[in-house]
Amino acid sequence: MKINLATSAGFCFGVRRAINIAMDTARNNKPVFMLGDIVHNEEVVRQIQKAGIKKIYRLTAGRRERILLIRAHGCSRDTLQKAKKLGYSVIDATCPMVKEIHAIAKKLENKGFKIIVIGDKSHDEVKGIVGQLKTKAVVIDKPENIPLKKISSIGKAGVVLQSTQNLEKVQKIFDILRANIGKVRFHNTICKPTRAKQNEIKVLPLKNEVVIVIGSKSSANTKRIYEISKSLNDKSYWVNSSREIKRSWLDTVKNVGITAGASTPESTIREVIRKIKSYSCA
Ligand code: SF4
């Protein structure tokens, strides 16, 4: 069985950077905390916690010197201000590409544009983008959820995208916005690693009998990669680790494509490959 691994599989630049920052920070003698998970992957979170960084769900007052690590997805201005007020030293591991989205949104807002974010309302990155602004942004996740009445009253809108969005889906939303708002300024803020992954997954399922997408079920970008793959090849499977692979998926298969979300560690990818190889050798 031939195994074709996507060149874009696994950690993106922003995740790798955030993990390196976290590990460096953990070597510090002060207690280090992070609000939620550093990235959406259980194995990475386990490693970070093993290094001594504690996960918390809210900021608290304290007398000891402490460090708050800001995750790759970023956070709102309020969170940052609150952390400083409560005495945390802040180490910012926000991905520079997410920071770029913050900067674009703030600039557009200062120029009088109403900000529209295309992305998942509940995702930390979107909360972080919205939380940079002085005015309330409109967040749209899919065409059928566009608040038509509300957007029709907007004079000029500045549109930014969650970095891991799918451009085809975004295009449908954008067409509706353009038809209903006088002036729309659009910034394609899908990051480069996401584009590379999405381009590869348009080909991988067509060239392989089976596709295995590796990543946590909590990872939004893995979910999107899987959805694209599944729409092109019904024999697409989404696994979090090698343990979830079923031998029956690969019976009589001559080639298998493998890809992985931006927060999937290389060790997990290697384990999956090892397991698949063990089937073909058996
Ligand atoms: S997916 Fe893109 S924006 Fe998100 S951390 Fe990776 S490089 Fe940064």
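Residues numbered from 1 in each chain as written. Predicted model: local features only at pLDDT ≥ 70, side-chain atom pairs only at ≥ 80, totals over all residues.

Residues and numbers for the overall build of the protein chain, please.
Within the protein chain one finds 11 helices and 12 strands. Over its C-alpha trace the protein chain gives a radius of gyration of 21 Å, about what one expects of a compact globule, namely 19 Å for 282 residues. Along the three orthogonal principal directions, the C-alpha set of the protein chain runs to about 60 × 55 × 25 Å. For the protein chain, the residues scored as buried account for 41% of the 282 residues in total. The long-range fraction of contacts in the protein chain, counting pairs at least 24 apart against all pairs at least 6 apart in sequence, stands at 75%. (Helix = DSSP H or I, 4+ residues; strand = E, 2+ residues; numbered from the N terminus. Rg over C-alpha atoms; globule rule 2.2 N^0.38 Å. Buried ≥ 20, exposed ≤ 12 C-beta atoms within 10 Å, placed from the backbone. Contact = placed C-beta atoms within 7 Å.)

An account of the pairing of strand S2 (residues 32-35) is requested, with residue identities and associated values reported.
Only one face of S2 is buried, namely the one carrying Val-32 and Met-34, since none of Phe-33 and Leu-35 on the opposite face is buried. By the bridge criterion, three bridges tie S2 to strand S4 (residues 66-70) in an arrangement that is parallel. Of the residues in S4, the one forming a bridge with Met-34 is Leu-69. With helix H2 (residues 42-50) bridging S2 and the parallel strand S3 (residues 54-56), this β-α-β connection has right-handed handedness. (Pairing = 2+ DSSP bridges. Right-handed = clockwise from strand over helix to strand, strands pointing away.)

Pulling in residues and values, what's your account of the nonpolar core?
Ranked by size, the top nonpolar core spans 49 residues in total, and within it Ala-18, Ile-38, Ile-116 and Val-117 carry the most contacts. Both domain 2 (13-95) and domain 3 (97-190) contribute no fewer than three residues apiece to this core. With residues up to four places along the chain from it excluded, the contact list for Ala-18 reads Ile-38, Val-39, Arg-71, Ala-72, Ala-93 and Cys-95. Leu-204, Ile-212, Trp-238 and Val-272 belong to the second largest nonpolar core, which has 21 residues in total. (Core = buried A, V, L, I, M, F, W, Y, C linked by C-beta atoms within 7 Å. Domains from an automatic or database assignment.)

Give a detailed account of the site of the ligand, specifying residues and quantitative values.
Of all residues adjacent to the ligand, which total 15 residues, the nearest are Cys-12, Gly-14, Cys-95, Ser-163 and Cys-191. Mapped by element, the contributors of at least two residues to the shell around the ligand are helix H1 (13-26), helix H4 (96-110) and helix H8 (192-201). Broken down by element, the shell around the ligand gets its largest block of residues, three residues, from H1. Classifying every residue of the shell around the ligand gives 10 nonpolar, five polar and no charged. (Near = placed C-beta within 6 Å. Nonpolar A, V, L, I, M, F, W, Y, C, P; charged D, E, K, R; others polar.)

If you had to explain H2 to someone new, which residues and values would you point to?
Along H2, the positions that sit buried rather than exposed are Val-44, Val-45 and Ile-48. Taken end-on, H2 shows its buried residues confined to a sector of 100°, consistent with a single buried face. Those residues of H2 that are exposed and angled more than 90 degrees off the buried face are Arg-46 and Lys-50. Where H2 is buried, its residues touch H1. After H2 finishes, the residue Gly-52 shows a positive phi value of roughly 110°. (Arc of directions from axis to C-beta.)

Lay out the packing of H8 against helix H10 (residues 220-232) with the relevant residues and their values.
Between H8 and H10, whose axes approach to 9 Å, the crossing angle comes to 20°. On the basis of the axis angle, H8 is roughly parallel to H10. Between H8 and H10 the crossing geometry is right-handed. Listed contacts from H10 to Thr-194, Lys-197, Gln-198 and Ile-201 of H8 are Asn-221, Ile-225, Ile-228 and Ser-229. Among the residues making up the contact of H8 with H10, the classes are represented as three nonpolar, four polar and one charged. (Axes fitted to C-alpha atoms, helices over the stretch in contact; angles between N-to-C directions. Parallel < 35°, antiparallel > 145°, perpendicular 65-115°, else oblique. Left-handed = near helix turned anticlockwise from the far one by under 90°.)

How would you summarise the sheet that holds S4 if you had to cite specific residues and measurements?
Within the open sheet, the four strands sit side by side as S3-S2-S4-S5. Their pairing is parallel. The sheet is open, and its two borders are formed by S3 and strand S5 (88-92), each paired with just one other strand. Each neighbouring strand pair of the sheet contributes to a mean axis angle of 35°, computed without reference to strand direction. Those strands touched by H1 are S2, S4 and S5, and its axis lies near 175° from that of S4.

Fair warning: the whole summary comes from geometry, so function is off the table for now.
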